[in-house]
Amino acid sequence: MLEVTVVCIGKLKEQYLRDACAEYSKRLSAFCRLKVVELSPERLSDSPSQAEIEKALFAEGKKILEKIPERAAIISMCIEGKQLSSEETAKKLSSLAAQGVGSVAFVIGGSFGLSQEVKQKSLLRLSVSKMTFPHQLFRVMLLEQIYRAFQIENGSKYHK
């Protein structure tokens, strides 16, 4: 069974978002071993300089890389990443499993994104849209898309 880790900067504050993530986590348990790792964001001033942002990204990146399972295929969620359809995402996950990859780690950065170190270690930089979404809502969206990918690969009617 594929191990899927979602490493994210920040914690879910709203109960309805925690409930949605819990629901998708429950659904995903039939297809993979899911682990969600929440990391604290680095503190920044109200108007951080570029140097301060880079320092925070580096520190967050270090924490992220420490939490990614050894030999996991890393998929970084980046605005500049490649956009895939749900079907293409399903094929990508299926292809990784067929290649013998036992662990996939999706990474969600903080409000300033991800460090170059994390991006460079990524097998894929993925973007879901050119639009910007609330950070906390995006975690729910990602879990839903992972669930949808498994449903597509299993020929379910969930994906229409």
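The rules behind each value
- All residue numbers refer to position in the chain's written sequence, counted from 1.
- This being a predicted model, a pLDDT of at least 70 is required before a residue's local features are given, and a value of 80 or more before pairs of side-chain atoms are given or counted; all residues contribute to the totals for chains, interfaces and linings.
- Hydrogen atoms and water are omitted, and side-chain values are computed over all heavy atoms in the structure.
- Segments assigned H or I by DSSP are reported as helices when at least four residues long, segments assigned E as strands when at least two residues long, and all are numbered from the N terminus.
- Burial status follows relative accessibility: with a 1.4 Å probe on protein chains alone, a residue under 20% of its type maximum counts as buried, one over 50% as exposed, and anything between as partly exposed.
- Only the protein chains shown count as cover for residues, and the accessible areas themselves come from Shrake-Rupley with a 1.4 Å probe.
- When charges are counted, Lys and Arg are positive and Asp and Glu negative, with His and the chain ends excluded.
- A single reference atom marks each charge: NZ on Lys, CZ on Arg, CG on Asp, CD on Glu.
- Working definition: a ring pair exists when centres of Phe, Tyr or Trp rings (six-membered ring for Trp) sit within 6.5 Å. Plane angles under 30 degrees give stacked, over 60 give edge-to-face, the rest tilted.
- Under the convention used throughout, the expected extent of a helix is 1.5 Å for every residue step, that is, one less than its residue count.
- Note: the arc covers the axis-to-C-beta directions of the helix.
- Salt bridges, as used here, are contacts in which a Lys or Arg side-chain nitrogen is within 4 Å of a carboxyl oxygen on Asp or Glu.

This part is about the overall build of the protein chain. Along its length, the protein chain carries five helices and five strands. Mapped in sequence order, the helices and strands of the protein chain form the string β-α-β-α-β-α-β-α-β-α. Based on the C-alpha atoms only, the size of the protein chain along its principal axes is roughly 50 × 35 × 25 Å. Sorting the 160 residues of the protein chain into buried and exposed places 42% on the buried side. Carbon and sulfur atoms make up 51% of the accessible area of the protein chain, which totals about 9200 Å². Of the side chains in the protein chain, 24 bear a positive and 18 a negative charge, and the two mean positions are spaced by 4 Å.

Enumeration according to the criterion identifies four aromatic pairs in this entry. Taking the centre distance of 4.9 Å and the plane angle of 75° together, the rings of Y147 and Y158 count as edge-to-face. You can see Y147 sitting in helix α5 (residues 135-153) and its partner Y158 sitting in the segment after α5, a full 11 residues away along the chain. Take Y147: its relative accessible area is 9%, and that puts it in the buried class.

Now for helix α1 (residues 15-28). Note on helix geometry: an α-helix contains 3.6 residues per turn, so any two residues three or four positions apart are oriented the same way. Compared with the 20 Å implied by 1.5 Å per residue over 14 residues, the 20 Å span of α1 between its first and last C-alpha is a close match. L17, C21, Y24 and L28 are the residues of α1 that are buried. The buried residues of α1 occupy one face: seen down the axis, they fall within an arc of 65°. Along α1, exposed side chains directed more than 90 degrees from the buried face belong to Y16 and K26.

What follows covers the pattern of salt bridges. Summed over the entire model, instances satisfying the criterion amount to nine salt bridges. Of the charged contacts in the structure, one is a salt bridge between E23 and R27, with a shortest N-O distance of 3.0 Å. Taken together, the residues span about one helical turn, with E23 and R27 both in helix α1 at a distance of four residues. Note on R27: relative accessible area 30%, which makes it partly exposed. Here the residues in one salt-bridge network are K11, E38 and R139, joined through shared partners.

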